[in-house]
Protein chains: 2
Amino acid sequence: MAQKPSTPKGTRDFSPVEMSRRNYIFDTIREVFRLFGFRQIETPAMENLSTLMGKYGEEGDKLLFKILNSGDYLKGVDRQLIDDNDTVRLAARLCDRGLRYDLTVPFARFVVQHRDELQLPFKRFQIQPVWRADRPQKGRYREFYQCDADVVGSNSLLNEIELLQMEDLVFSRLGIRVAIKLNNRKILAGIAELIGEPDKLIDITVAIDKIDKIGLDKVNEELAARGLSPEAIAALRPILEIDGTGAERLDKLATLLAPSEVGTKGVEELRTVVDGTLALGLNAELDIDVSLARGLNYYTGTIIEVKALDAEIGSISGGGRYDNLTGVFGLDGISGVGISFGADRIYDVLLALNLFPDETAHATRVLFANFGTAEAAESLKLVKTLREAGISAEVYPDAAKMKKQIGYANAMGVPFFAIIGESELADGTVTVKNMADGSQQTIPAADLAAVLA
Amino acid sequence: MAQKPSTPKGTRDFSPVEMSRRNYIFDTIREVFRLFGFRQIETPAMENLSTLMGKYGEEGDKLLFKILNSGDYLKGVDRQLIDDNDTVRLAARLCDRGLRYDLTVPFARFVVQHRDELQLPFKRFQIQPVWRADRPQKGRYREFYQCDADVVGSNSLLNEIELLQMEDLVFSRLGIRVAIKLNNRKILAGIAELIGEPDKLIDITVAIDKIDKIGLDKVNEELAARGLSPEAIAALRPILEIDGTGAERLDKLATLLAPSEVGTKGVEELRTVVDGTLALGLNAELDIDVSLARGLNYYTGTIIEVKALDAEIGSISGGGRYDNLTGVFGLDGISGVGISFGADRIYDVLLALNLFPDETAHATRVLFANFGTAEAAESLKLVKTLREAGISAEVYPDAAKMKKQIGYANAMGVPFFAIIGESELADGTVTVKNMADGSQQTIPAADLAAVLA
């Protein structure tokens with residue numbers, strides 16, 4: 001026999017059981033997005049490479065999946081590129097399109113392309129796969145789904161408060177206890193200003209972002225290695241050591257950052273978001289964390305990160321505000337704020353904590369045995385009335401041995417197995433077996449829907 | 001300003017309104033698939049090219065989107081291929097993967113790869129996009145969704161009866177009046193045998209498949225051009241002219257095809273399927289059409305095609321039985337039968353016949369005006385209770401001019417606009433405006449959910 005075919009490295013098939021679990025996550029997120037007035041869009045899997053290139057850094061450009069042009073794709077290609085083995089520039093000649101790398105850049109392209117049709121503020125959500133030519137490893141795939149919700153065209157911090165409620169509601173509904181960490185890019189800028197190193201904003205944030213993992217001493221070593229003066233490192237210490245309740249932290253930050261205008265603005269924004277969120281009540285822990293950075297170059301205001309409290313895993317959601325989403329496509333002045341849910345990590349958390357709903361909820365409700373032509377025909381009629389009542393039902397297609405049919409019912413996780421044999425056919429009855437406890441009863445066929453409901 | 005970015009040729013963005021219409025179609029199909037016990041799977045967008053190549057004919061191979069290998073993709077590539085401009089063979093060296101072209105080949109690959117985990121019969125459905133590098137034209141896209149349901153591992157004609165009920169239920173629920181056309185590949189083989197041209201089966205079916213479009217005379221001309229003898233063409237005539245009710249057609253076919261064993265078998269199969277389906281009742285017209293072929297090389301038994309009665313468009317669904325789905329991957333003896341729904345054509349039919357549900361059904365139920373910080377905070381609290389009651393609700397994020405906020409509510413198709421201004425804030429009331437008739441009332445805030453429900 002031929003070698004078994006397989007999926008490409010880093011990609012996955014999803015079985016029916018996996019799909020029902022994944023749909024549980026997507027449906028929960030989608031329902032929350034809709035409750036909050038976000039509207040779904042979809043963009044094509046492939047974008048023009050001119051849309052994608054240069055948006056994710058040099059490393060990102062390499063991780064884009066590029067699609068070979070159709071037809072005579074060598075036409076007009078400079079052979080020197082081939083002789084020089086200049087694979088980067090050659091790829092740009094061989095390929096005009098690539099697979100989307102995230103949902104943010106296609107969304108920015110969408111906003112610019114359709115700006116005349118869009119009513120601002122535009123609250124969109126998008127749940128689609130993205131592709132990255134990363135080296136596959138545990139929990140990292142070359143095809144994975146992102147679930148993004150963003151508001152563009154509104155500077156109001158009310159949007160942040162809404163997004164935090166969405167985080168809270170999604171994880172409450174999924175049953176995952178989480179901590180939501182908050183920061184503000186302006187606070188980070190204020191800190192850099194305060195300690196006299198405004199030009200080292202990125203060095204500082206990259207280093208202090210690791211404080212949870214490596215501790216303060218190692219962070220200070222790294223800051224020194226990145227050229228921060230001992231005075232600056234000493235000045236940073238009291239900020240990193242801020243503790244207490246949220247209100248206490250905000251007060252201490254306000255005092256410490258009082259000399260910095262941008263820092264003070266950041267504390268005010270953070271206070272508005274925290275107070276507004278707490279006033280509405282939430283299940284999640286809400287933590288102010290001045291070391292939180294998350295791709296600092298991208299965010300310009302609020303920064304959000306969500307971690308599961310009962311599972312050792314990285315962040316399972318996150319987001320923030322960015323002031324110039326569409327500038328790269330020539331449309332300035334459009335501010336946005338958004339969050340993204342990582343479906344694969346959420347899946348792993350739900351599985352580890354045994355939080356997925358009972359799988360029989362997704363299975364067909366009742367499987368009818370097949371005893372032959374006349375019995376099957378009668379079963380099909382009954383099954384039709386069940387389906388009209390919204391009950392999923394099926395008839396085993398072949399008149400196979402009963403052991404095989406019951407084995408199939410078991411394997412499918414069907415909660416009820418129904419039998420119309422010779423005597424039931426004569427009586428207008430049906431025998432229904434509860435697969436969970438093995439009990440069975442023979443009832444009038446017309447009563448079946450009520451028993452299964 | 002930079003040139004507006006755009007989607008690649010033949011691909012589309014879907015706006016919120018388009019998405020709600022598309023979801024209406026997908027949700028309807030998915031719900032029917034589930035009622036009938038079909039279970040969802042997903043496969044990756046990209047497959048190894050070895051899985052895809054050679055499965056769709058030479059033309060199909062050219063229409064596959066191929067993904068340029070990452071890294072040093074020129075390594076080991078024979079430069080002679082480049083010098084010869086042998087783009088076909090060179091592509092096979094530059095690319096190991098391609099985008100899926102349909103859902104059938106990936107499904108066959110799935111069955112073979114996971115055969116040890118699968119319980120047969122396996123009833124799967126799959127709703128995912130596919131990609132083809134076709135020349136784009138009206139109604140033909142390079143990215144489009146397929147919605148497939150198949151049963152593999154069962155030869156029973158009960159599966160056909162179930163699939164026809166699914167066709168009927170999907171289109172009944174969508175409100176589209178349809179005719180379901182039925183044929184059987186064995187009848188076509190019987191016809192070829194009967195008229196003494198068994199080797200010209202494909203020529204005959206390709207020609208007679210066009211009878212609806214070009215008429216019998218032109219079909220006969222084409223048959224002559226394809227080398228059929230005048231005697232054979234004359235013998236074919238009474239078969240093509242069979243008319244009457246389904247039962248009459250079946251009887252006439254049985255008589256005419258009596259000399260052919262395979263033809264007789266085909267008529268028996270068709271009769272079982274038709275009788276079984278009619279016994280259960282259906283809304284659709286059920287037509288026996290011996291000229292129906294639909295990619296004959298693929299199907300081996302029942303052939304199904306569905307056409308909308310009230311719209312001039314090609315088939316909107318179709319399918320059939322194929323006896324060796326997985327043989328190409330080295331696993332023989334697995335028979336399958338399936339149907340596929342064309343979401344884009346169904347979309348066009350629903351739009352043309354004005355059959356989409358009212359769009360306000362998909363909009364946020366209520367938008368709250370924003371009069372400033374205190375009013376917005378109170379609105380957010382009320383909105384939270386509405387969402388807990390399952391009512392989608394949002395607050396306009398900025399305290400903009402009222403005209404702008406109402407304009408937004410109008411543009412979004414929101415059925416209710418709610419106002420908590422100074423006096424409502426003092427009273428604990430809310431003013432709610434019905435956007436359809438312009439009426440408004442001021443009510444206790446606690447009564448709002450009941451008004452909106």
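Remember, it's a predicted structure, so these values are computed and weren't measured experimentally.

1. A few points about the packing of aromatic side chains
Under the counting rule described, the total for this entry stands at 20 aromatic pairs over all chains. For the ring pair Phe-33 of chain B and Phe-341 of chain B, a centre distance of 5.9 Å and an interplane angle of 50 degrees mean the geometry is tilted. You can see Phe-33 of chain B sitting in helix H1 (residues 16–35) and its partner Phe-341 of chain B sitting in strand S11 (residues 336–342), a full 308 residues away along the chain. Phe-33 of chain B sits in the buried class, given a relative accessible area of 0%. For the cation-ring pair, Arg-22 of chain A lies above Phe-14 of chain A, with the distance from its terminal atom to the ring centre recorded as 3.7 Å. A cation over a ring is seen here: Arg-124 of chain B above Phe-107 of chain B, with NZ or CZ 3.9 Å from the ring centre.

2. Considering the pairing of strand S15 (residues 429–434) of chain A
Residue and element names in this part refer to chain A. As judged from the four bridges shared by strand S14 (residues 416–419) and S15, these two strands associate in the antiparallel manner. Residue Phe-416 lies in a different strand from S15, and its bridge partner there is Asn-434. Direction of pairing for S15 relative to strand S16 (residues 440–444): antiparallel, over a ladder of five bridges. Bridging across to S16, Val-430 finds its partner in Ile-443. Turn length for the S15-S16 hairpin, with the two strands adjacent in sequence and antiparallel, is five residues, and the turn residue Gly-438 shows positive phi of about 80 degrees.

3. Considering the pattern of salt bridges
This structure, assessed with the given rule, holds 48 salt bridges over all chains. Here Arg-321 of chain B ties to Glu-160 of chain B by a salt bridge, and the two come within 2.8 Å at their closest N and O atoms. Of this pair, Arg-321 of chain B sits in strand S10 (residues 317–322) while Glu-160 of chain B sits in helix H7 (residues 158–174), and the two are 161 residues apart along the sequence. The burial state of Arg-321 of chain B is the same as that of Glu-160 of chain B; both residues are buried. With its nearest N and O atoms 2.8 Å apart, the salt bridge here joins Asp-203 of chain B to Arg-226 of chain B. With Asp-203 of chain B in helix H9 (residues 201–208) and Arg-226 of chain B in the loop between helix H10 (211–225) and helix H11 (230–240), the pair connects residues that are 23 residues apart, well separated along the chain. Residue class for Arg-226 of chain B comes out partly exposed when judged on its relative accessible area of 29%. Salt bridges linked by common partners bring Asp-203, Lys-210, Glu-222 and Arg-226 of chain A together as one network.

4. What about the relation of the copies chain B and chain A?
Superposing chain B onto chain A requires a rotation of 180 degrees together with a translation of 0.0 Å along the rotation axis, leaving an RMSD of 0.0 Å. Considering both components of the superposition, the chain copies are consistent with a two-fold axis. The position closest to the rotation axis in chain B is occupied by the C-alpha of Ile-67 of chain B, lying 2.2 Å away. Comparing contact sets, 100% of the residues at the interface of chain B also lie at the interface in chain A, consistent with an isologous, same-surface contact.

5. Focus on the nonpolar core
Generally speaking, a soluble globular protein has its nonpolar side chains buried in company with each other. Among the nonpolar cores identified, the biggest contains 215 residues, and Leu-94 and Ile-176 of chain A together with Leu-94 and Ile-176 of chain B are the most heavily contacted of them. Judged by nonpolar contacts, the second largest core, of 22 residues, contains Val-395, Ala-418, Ile-443 and Ala-445 of chain B.

6. Regarding empty space enclosed by the protein
Within this structure, the stated rule accounts for five cavities of 30 Å³ or more. A volume near 60 Å³ is recorded for the largest cavity. Along the walls of the largest cavity sit Val-395 and Pro-397 of chain A together with Phe-38, Lys-123, Val-151, Leu-158, Asn-159 and Glu-162 of chain B, which together make up its complete lining. Counting residues per element, the lining of the largest cavity draws most heavily on H7 of chain B, which supplies three residues. Grouping the constituent residues of the lining of the largest cavity by class yields five nonpolar, one polar and two charged. What the second largest cavity holds in volume is close to 50 Å³.

Cut-offs used in this document
Residues numbered from 1 in each chain as written. Chains lettered and ligands numbered in written order. Predicted model: local features only at pLDDT ≥ 70, side-chain atom pairs only at ≥ 80, totals over all residues. Heavy atoms only, no water. Phe/Tyr/Trp six-rings, centres within 6.5 Å; stacked < 30°, edge-to-face > 60°. Helix = DSSP H or I, 4+ residues; strand = E, 2+ residues; numbered from the N terminus. Buried < 20%, exposed > 50% of the residue type's maximum accessible area, 1.4 Å probe, protein only. Lys NZ or Arg CZ within 6 Å of the ring centre and 35° of its normal. Pairing = 2+ DSSP bridges. Salt bridge = Lys/Arg side-chain N within 4 Å of Asp/Glu carboxyl O. Least-squares fit on C-alpha atoms with pLDDT ≥ 70 in both. Contact = heavy atoms within 4.5 Å. Core = buried A, V, L, I, M, F, W, Y, C linked by side-chain atoms within 4.5 Å. 1 Å grid on protein atoms, 1.4 Å probe; cavity = no way out; pocket = protein on both sides within 12 Å on 5 of 7 lines; lining within 4 Å. Points joined across faces, edges and corners; volume = space filled by probe spheres on them. Nonpolar A, V, L, I, M, F, W, Y, C, P; charged D, E, K, R; others polar.

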